[in-house]
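# A closer look at the structure
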Amino acid sequence: MAGLGLTMKKRLIFLLVTFSVLIAALVVRVGWIQIVQGDFYQKKAFSQQTRGRDISPKRGTIFDRNGKPLAVSASVEKITINPQEVRESKLDQETIADNLGEILGMNPEGILKKIKKKSMYEIIKRKIDDEVGNNIRKWAKEHDVGGIYIDEDSKRYYPNRNLAAHILGFTGDDNQGLDGIEAVMDKYLKGVPGKILSETDARGRGLPLNEEKHIGVQDGANIVLTIDETIQYFAQRALEKAVTDNMVLNGATAIVTDPRNGDILAMVSKPDFDPNDPFGCPTDTDKAEWEGMSSEEKKAMFSVVWRNKAVVDTYEPGSTFKAITAAAGLEEGIVTPQTRVNDFPVIVQGNTIKCWRGYRPHGEESFAEGVYNSCNPVFVRLAQVMGVSKFYKYMKAFGFYDRTGIELPGEAQSQIHAQPKEIDMAVAAFGQRFQISPIQLISSYGAIANGGTLMKPRVIKEITDSDGNIIERFEPQPVRNVISKQTSDTLCEILEGVVSVDTATGGNAYVPGYRVAGKTGTSETTETKSKGRYIASFSAFAPADNPVICVLVVLDYPDPSSPFGHGGGKIAAPVVRDIIENSLEYLGVERRYTEKDKEELEDQVTVPDVRGKSTAEARQILSATGVNLKYSIEGEGYDNNTIVVEQSPKPGISLTKKSVVILYTYKPQQGIKVKMPDIKNKTIDEAVETLSKVGLNVKGKGIGVVVEQQFEPGTELEKGTVVEVELRFLDTE
Amino acid sequence: MYSVEKTKGISFIKSFDYILFITVLTLSAIGLVVLYSATLSFENGDSMVLKQGLALAIGIVMALVISLVDYKDFKIIGIVFYVISVVLLVYVKFRGVGAETWGSNSWMQIPVFGSFQPSEIAKITFIVVISTFLERIKEGQGGKNIAKFLIYSAIPIGLVILQNDFGMSMVFIFVFFVMLFICGLPYKYMLGAFIAAIPCGVFTWIFLLNDKRRDRIRFFFNPEDDQSNAGFQVLRSIRAIGSGQIFGKKLFQGIQTQRGTVPVKESDFIFTVIGEELGFIGSAIVVIIIFFLLLRCVYIAKNSRDLYGSFLVTGLTAMMGFNFVENIGMNIGIFPITGLPLPFVSQGGSAMITNYIAIGIILSVSIRRKRSIFNSSQ
């Protein structure tokens, strides 16, 4: 037996050292991975473990201020596949693609391509109905095809279609917000997507008997807007009518705010689109015409219809801006409503500026009358007294240099002379040669209406979670005090005169019982000379002594051939009137009639029910109403005791004096027909007289002359029919 | 035939190597717990752990029985097992199964027992037999014994290489060279062998490795290239180990382990489970236990009563050591993937039993080793 030699012992030690070095290397490497790089791998591991199929979170709802849903997410389904798993099915790939294509209404070739892919996750189709999803489930089960997953998906749905489309915006294929509030508040609305985890082996195949885990999905928060769905609807309806009636070519916008806090109650922009299908045919476009468009034309169309003109467009405000010049003049104490001024032409740096009624100037008048009559020279002279620096100081104070910061995308930057000369100021005094956005103008009117504080326009009221708890509240934000309460009050009174004084320019905005204050505007554009493009606008608030709403309507480029012309007082003021009347009524603001209103109201009478009475009794009842309600009796051989079988109009309808009630002593199969006369451009009295002659009645809306009658001249109407007519002042600016 | 000189007057209880035995048992116990965690997500996880426990029990009994046997008897009986294992190797060359699961047909099915890899047992018999010749060479009986040594080595090594089992082939070749080295082969020959290995490597690459194996080595150098097989496995195991950080995700709570993103986590990549769930502290403890085991074995080899015992222990230590280092190394991406399991930890009955047989032989040598004067006077 031989002992171990020295060499052998040495070499055993060498072997031990070798193992020691290797083991040490292992420990160092493990330590490197786990301690030094641990964080990195921890993150990597996390992203790996959450790599599963996505579940879309439910996108938050957008509500109006009263909790009515404007944008909601409906639960639908989506089909995804794990191509590796699908390929292992018994059914061949072509058949799978064909069958899927058939059920989903898709091209099988595209599906086949996805099945052949090397990835572990392919989306086949999103936003399919539950029914289709169930069909896929059934089919996959029948044919034992694996690797097809039908998961929850969510689809955006706008129940009111194009209502408030520009405020809401729309979402894309992945439910990401692309425009409007959907885009601005996307991070709140979208929520946190979750994953469906299922265990997979090294090749990403689902292992049998695995439970699926749904993790991490967090629904989006809800957004409550300051928009009032009803007022939005009033504004949209009124604006749509105005666009059609006046053949407005370049679109239009209407904004309704609460001047007390800057809340946007409504914001309409035309033309518009249906956010349910933002890439489809726009609301006001003809389907057939749309089909015929090239993709470039369609793209151009989108950029028009998606445009929120109230915020992203600028325009020259025209005479509506005179309210700002007036505010500055009153605040500076340069004028009072009673200050005597005149509107004779004024020459500034060699340019002569005349009143719009230059052919017959208003001459000497009070400053208030200057505003009523919208005389340019009055404002030019006022600005001249004020001086350039003070004038532009007020422009700055009213916020015309800054974006308002409204939470809507793409707010325009105004364009105002950087170094204004006197002539720049002179034309700016009546609102020309500078560009501001409609939202800026209505904000400045808010400051005039609320006692002098410029408010930041607010469109988002609060953010709530899915249980309705408030996460974040957006408080009204005053920007700065611009004018004193006294100036505000004085100016409100003057602007009320613009609407209520008979000869003033804003008469078409008059609403009996509601004190409307406002200012007309007819802006020239660079295309005025070449194409006759004017921008007609009217900015107003009501009630003048305690304003609760402020409305701006801007109609861009009424067709020069339109019979109503392009004047803001003619075509924009009636829109404002409709919006104010409907909104104040809806808001429950009580009407306070002036003496003049009452007089007009007394002319109205409600038709009593005389059916079943004898003609004598009927006669008595009709006379007893105390007004000059006329009547005529139709029938043969009647006497005082003959019973009135039918009457036209029906009882309960309110009619102006001099209206005619037709009494029938027989049951008319059909009423007696008369022909509708032409009453265009007649005053209400003339219209009533003309119509009563043929036995028709009138219900008027507005004041001035008849611009629209419910039935075309020559239409056959039943005797006694009430004809609705719209009246407007046509001789105003 | 040969006669052996027995070591006499040994008290088994007194001389038993408790240090080595307890070290191995500790490692096995940790292994069993980790295996339980690794197979939690398997449908048949419980039965896997049960089988492993059974193999462990069999292994312990066999180790104890073998330790009772004087290792010098292996000089004679070893040759019998050697012949049997060579026959089995030849058998699986033609009738083997398991290529689909393990990459080579080096397995055979035994009723009741299950699948079994003859090369596992051949490793032991190979070491037992060539130690005999090395001892004789060392004692000056060169010539004929050198030839025998080479022939007896070449047969199992050749058969294993022919099986296309890359990992196992590496074990045999590594053990062969370590034993030559300990025997005192001059360094210049070692260097020569190393240089000669280069063309052999190229030859092996071209003619002997199948695609799967070639990929494993190729992607070892560039794991990002391959997302589905070898490279993919390494990236995932490194990520899982790394995410364990210092303290680990706690037993049974390793997300990647439990969610099945760790490949073959119950055997080849069980160290990944240790890394993810027990963290750096757990991994370091396991590696230190392994180091202590190897240290103890080398100590036994150094203090063996005779050359034969020393060669035996050296060979078996080299075998286990290679497995340990290579397996952990491939888990952390510093060695190519070879499919070698982690001894005493990875799932696999035949490997467990083989390793315990090796421990039994080492125990036998240890019990009969030379004691220091101080100890022997007790």
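Residues numbered from 1 in each chain as written. Chains lettered and ligands numbered in written order. Predicted model: local features only at pLDDT ≥ 70, side-chain atom pairs only at ≥ 80, totals over all residues.

Time to look at the overall build of chain B. Secondary structure assignment for chain B yields 16 helices and two strands. Within chain B, the fraction of its 378 residues that count as buried is 51%. Pairs at least 24 apart in sequence give 70% of the contacts found in chain B among residues at least 6 apart. (Helix = DSSP H or I, 4+ residues; strand = E, 2+ residues; numbered from the N terminus. Buried ≥ 20, exposed ≤ 12 C-beta atoms within 10 Å, placed from the backbone. Contact = placed C-beta atoms within 7 Å.)

All names here are of chain A. Among the 11 residues in helix α16 (residues 376–386), nine count as buried, and that is most of the element. Among the residues of α16, Asn376, Pro377, Val378, Phe379, Val380, Arg381, Leu382, Ala383 and Met386 are the ones counted as buried. Looking at the residues trailing α16, positive phi occurs at glycine 387, about 95 degrees.

Bringing the sheet that holds strand β28 (residues 697–701) of chain A into the picture now. Pairing between the strands of a sheet is mediated by backbone hydrogen bonds and can be parallel or antiparallel. All names here are of chain A. The strand order across the open sheet formed by three strands is β28-β31-β29, and the pairing between neighbours is mixed. Each edge of the sheet is formed by a strand with only one pairing partner; in this case those strands are β28 and β29 (705–709). Each neighbouring strand pair of the sheet contributes to a mean axis angle of 40 degrees, computed without reference to strand direction. Examined bridge by bridge, β29 and strand β31 (residues 722–728) share four bridges and lie antiparallel to one another. Paired with valine 706 across the two strands is leucine 727, which belongs to β31. Its contacts with the sheet put helix α25 (residues 684–694) on β28, β29 and β31, and the angle it makes with β28 is roughly 160 degrees. (Pairing = 2+ DSSP bridges. Axes fitted to C-alpha atoms, helices over the stretch in contact; angles between N-to-C directions.)

Residue and element names in this part refer to chain A. Strands sit in the order β10-β9-β21-β20-β19 across an open sheet of five strands; the sheet is antiparallel. Either end of the sheet is taken by a strand with one partner, and the two such strands are β10 (263–270) and β19 (517–524). Direction aside, neighbouring strands of the sheet carry axes that sit 10 degrees apart on average. In this sheet, strand β21 (residues 549–556) lies alongside strand β20 (residues 534–542) in antiparallel orientation, the contact comprising eight bridges. Looking at the pairing, serine 539 lines up with leucine 552 of β21.

Our next topic: the nonpolar core. If you look at the biggest cluster of nonpolar residues, it comprises 133 residues, and the most contacted ones within it are A:Ala254, A:Val516, A:Val553, A:Val576 and A:Ile580. At eight residues, helix α22 (residues 568–586) of chain A tops the list of elements feeding residues into this core. Formed jointly, this core draws a minimum of three residues from each of two domains, domain 1 (54–196 + 216–225) and domain 2 (312–597) of chain A. If sequence neighbours within four positions are ignored, A:Val576 has contacts with A:Ala509, A:Gly518, A:Phe538, A:Ala540, A:Val551 and A:Val553. Membership of the second largest hydrophobic core comes to 108 residues, among which are B:Tyr82, B:Phe126, B:Cys297 and B:Ile362. (Core = buried A, V, L, I, M, F, W, Y, C linked by C-beta atoms within 7 Å. Domains from an automatic or database assignment.)

Turning to the UniProt feature "transmembrane region" (unreviewed entry) in chain B, a few remarks are in order. Residue and element names in this part refer to chain B. According to UniProt, the positions carrying the feature "transmembrane region" (unreviewed entry) are residues 18–38, 50–69, 76–94, 168–185, 190–208, 269–295, 307–325 and 345–367. Each end of residues 269–295 is marked by a C-alpha atom, and these two atoms are 24 Å apart; helix forms 96% of the span and strand 0%. Taken end to end, residues 307–325 has its terminal C-alpha atoms 26 Å apart, with 100% of it in helix and 0% in strand. (UniProt positions renumbered as here; feature names shortened; annotations may be inferred.)

The next subject is the confidence of the model for chain B. Residues and elements named next belong to chain B. Looking at chain B as a whole, the pLDDT averages 84, with 85% of positions reaching at least 70. Across chain B, element-level confidence peaks in helix α2 (residues 18–38) with a mean pLDDT of 94 and bottoms out in helix α16 (residues 373–376) with 46. Note that pLDDT drops below 50 for residues 373–378; the model gives that stretch one contact with residues more than four away or on any other chain. Two numbers describe this predicted complex: its pTM, 0.60, and its ipTM, 0.90. (pLDDT = per-residue confidence, 0-100.)

What follows covers the environment of A:Val388. All names here are of chain A. When you line up the elements, valine 388 lands in helix α17 (residues 388–397). Note on valine 388: 18 C-beta atoms within 10 Å, which makes it partly exposed. Between the C-alpha atom of valine 388 and that of proline 420, which follows or precedes it by 32 residues, the distance is 7.4 Å. Among all residues touching valine 388, those that are not within four sequence positions of it are Pro420, Glu422 and Met425.

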